[in-house]
Amino acid sequence: MTTLLSRKHPDVRWQQVDDHQDFSDTLDRNLSTTTSSVYSTSTPQTTAAGKTKTDSTLTFALMILLIGSGRFFLSPFTPILDSTVVRMTKEHQCDYGRQRMFAALGFGSFSLISGAAIDAFAEHFPQWNKYTPAFYFYIGMVLLVLLPASVMKFPAHRRPRAMYRNVGALFSQIEFLAFLLAAFTSGFSLGAFNTFLFIFIRDLGGPHVLMGLNITITALSEAVCLYFSSQAIQKLGHKNILNLVVFCYGLRHILYSVIYNPWLSAPVGMLHGICFGLFWPTCTSYVNIVSPTGMEASVQSIAHSVYFGLGRGLGMIVGGVIFHTFGSRNMFRFFTVFCCIVLLLLWLVQGFTWARRRRPLTLSVQYEEI
């Protein structure tokens, strides 16, 4: 009897009936439970799931549109700004790294302020979107920036000569290609950190305050390294700093792969000071040295595209595939191996080219010499 009913109703999970139980009571209970489940909850669940899927798809499409359009207009801004600031620091005898330091301080401080405002807003106004204060902070700061930007005097643009020929000459130099490889590796690693680090911390059981603390620590370490970036370039040289940056990215990956206490992620984040705080001034300085006259912004755009565009974009995609397939720790191990391979390639290139130059182009140049 039980076998026959199981064949007719395969979705029903039949309870075990022993010799002391009434079979008819058990049958009625199972059938009533199954009937209630099918006719009471099946249709609403299907409708809710379909609506949720539609809403999620629309939200994702709108986010792609907003982020894509925003990045489209923002992309030229950073390379043009960096090349302009370097020229202005030369004219006013200032230091690029110390000017760039204020961006790191603003990033770190407003991360804490925005986080506190979001928590407070969500508590007092639960019916509103809890991220509303962050958007208003952004709009307010953009409006404030318009005032000094409208009165500043920027250096005149110098028209480049033989632009395409000069760019082709740059790409024919193995030293410049090695620099782009280091920039790509840095962006590749940065994409993985920016996208999956907080997910990793959450999976370890870390609270939201720890995520905010990580941002603050990375911003402070970045500010310190930016402040001393000129001295570091003078003492170590561009090629050695590039090697150090790739090494620190690999070290940072392997440290994340072995920690189980989420709070240990905070001190590991201090390596960000070297990974970005030293790398970006070195990148900007090197580009302005090798760029032909009038092409500083163009070459800066190439470096910016390789670092923030190609490198970071692929880092997010490749990191996501490995994270989903093999887990977070294996993702970090993969990036460690990749950084080690790139570091070996950089050493080989530098050993065969830069070491044989009598006057290396990028060994002991300060920002004041640009």
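Worth saying up front: this structure is predicted, and the values here are computed from it rather than measured. (Residues numbered from 1 in each chain as written. Predicted model: local features only at pLDDT ≥ 70, side-chain atom pairs only at ≥ 80, totals over all residues. Heavy atoms only, no water.)

(A) How the structure looks around the nonpolar core. Ranked by size, the top nonpolar core spans 58 residues in total, and within it Phe176, Phe179, Tyr249, Tyr256, Phe279 and Tyr307 carry the most contacts. When residues of this core are assigned to their parent elements, the largest contribution, 15 residues, is made by helix H7 (residues 174-203). Setting aside residues no more than four positions away along its own chain, tyrosine 249 makes contact with Ser186, Ser189, Leu190, Phe193, Cys275, Tyr307 and Cys339. (Core = buried A, V, L, I, M, F, W, Y, C linked by side-chain atoms within 4.5 Å. Buried < 20%, exposed > 50% of the residue type's maximum accessible area, 1.4 Å probe, protein only. Helix = DSSP H or I, 4+ residues; strand = E, 2+ residues; numbered from the N terminus. Contact = heavy atoms within 4.5 Å.)

(B) Region of the structure containing the pattern of salt bridges. Applying the stated criterion to the full structure yields 1 salt bridge. Residue arginine 202 pairs with aspartate 203 through a salt bridge whose shortest N-O separation is 3.5 Å. This pair shows no difference in class: arginine 202 is exposed, exactly as aspartate 203 is. (Salt bridge = Lys/Arg side-chain N within 4 Å of Asp/Glu carboxyl O.)

(C) Examining the packing of H7 against helix H12 (residues 272-290) more closely. As a packed pair, H7 and H12 sit with axes 11 Å apart at the nearest point and diverge in direction by 150°. Classed by the angle they form, the pair H7 and H12 counts as roughly antiparallel. As for how H7 packs across H12, the hand of that crossing is left-handed. Together, Glu175, Phe176, Phe179, Ala183, Ser186 and Leu190 of H7 and His272, Phe279, Cys283, Tyr286, Val287 and Val290 of H12 make up the contact between the two elements. (Axes fitted to C-alpha atoms, helices over the stretch in contact; angles between N-to-C directions. Parallel < 35°, antiparallel > 145°, perpendicular 65-115°, else oblique. Left-handed = near helix turned anticlockwise from the far one by under 90°.)

(D) Expanded view of the packing of aromatic side chains. Enumeration according to the criterion identifies 23 aromatic pairs in this entry. Note on phenylalanine 193 and tyrosine 256: the rings are 5.5 Å apart at their centroids and 65° apart in plane angle, and the pair reads as edge-to-face. Here phenylalanine 193, found in helix H7, pairs with tyrosine 256, found in helix H10 (residues 238-258); they are 63 residues apart in sequence, far enough to count as distant. The pair formed by phenylalanine 193 and tyrosine 256 is uniform in burial state, with each residue classed as buried. Here a set of aromatic residues connected by ring pairs shows up, and it is made of Phe184, Phe188, Phe334, Phe335 and Phe338. Lying across the ring of tyrosine 227, arginine 98 places its NZ or CZ 4.1 Å from the centre. When the ring centre of tyrosine 260 is taken as reference, the NZ or CZ atom of arginine 329 above it lies at 3.8 Å. (Phe/Tyr/Trp six-rings, centres within 6.5 Å; stacked < 30°, edge-to-face > 60°. Lys NZ or Arg CZ within 6 Å of the ring centre and 35° of its normal.)

(E) Geometry of helix H14 (residues 328-352). Helix length check: H14 (25 residues) gives 37 Å between terminal C-alpha atoms against 36 Å at 1.5 Å per residue, within 8%. Taken residue by residue, H14 has Ser328, Arg329, Met331, Phe332, Phe335, Thr336, Cys339, Val342, Leu343, Leu346 and Gln350 as its buried positions. Along its buried surface, H14 packs onto H7, H10 and helix H13 (296-326). (Expected span 1.5 Å × (residues − 1).)

(F) Spatial organisation of the side chain of threonine 336. Take threonine 336: it is sitting in helix H14. Residue class for threonine 336 comes out buried when judged on its relative accessible area of 12%. A polar atom in the side chain of threonine 336 sits 3.2 Å from the backbone nitrogen of isoleucine 254. Setting aside its immediate chain neighbours within four residues, threonine 336 contacts Gly250, His253 and Ile254. (Polar contact = N/O pair within 3.5 Å; in protein donor to acceptor, adjacent residues only side chain to side chain.)

(G) Examining a nonpolar patch on the surface more closely. A surface patch of nonpolar side chains, amounting to about 720 Å² of accessible area, comprises Val337, Ile341, Leu344, Leu345, Trp347, Leu348 and Phe352. Along the chain, tryptophan 347 turns up in helix H14. (Patch = residues over 30% accessible without salt bridge, like charges linked within 9 Å, V, L, I, M, F, W, Y side chains within 5 Å. Areas by Shrake-Rupley, 256 points an atom, 1.4 Å probe, with all protein chains shown as cover.)

(H) Highlighting the environment of phenylalanine 107. With respect to the helices, strands and loops of the structure, phenylalanine 107 is situated in helix H4 (residues 96-124). Here the alpha-carbon distance between phenylalanine 107 and threonine 216, two residues 109 residues apart in the chain, equals 8.2 Å. In this structure phenylalanine 107 touches Ile215 and Ala219, once residues within four positions along its chain are discounted.

(I) Examining helix H9 (residues 229-236) more closely. The complete set of buried residues in H9 reads Ser229, Ser230, Ala232 and Ile233. When H9 is viewed along its axis, its buried side chains cluster within an angular range of 160° and face the same direction. Positioned one or two residues after H9, glycine 237 has a phi angle of 90°, which is positive. (Arc of directions from axis to C-beta.)

(J) Representation of the environment of threonine 293 in the model. Inspection of the secondary structure assignment puts threonine 293 in the loop between H12 and H13. Taking relative accessible area as the criterion, threonine 293 reaches 54% and is therefore assigned exposed. Here the alpha-carbon distance between threonine 293 and methionine 163, two residues 130 residues apart in the chain, equals 9.6 Å.

Geometric values such as these leave the question of function open.
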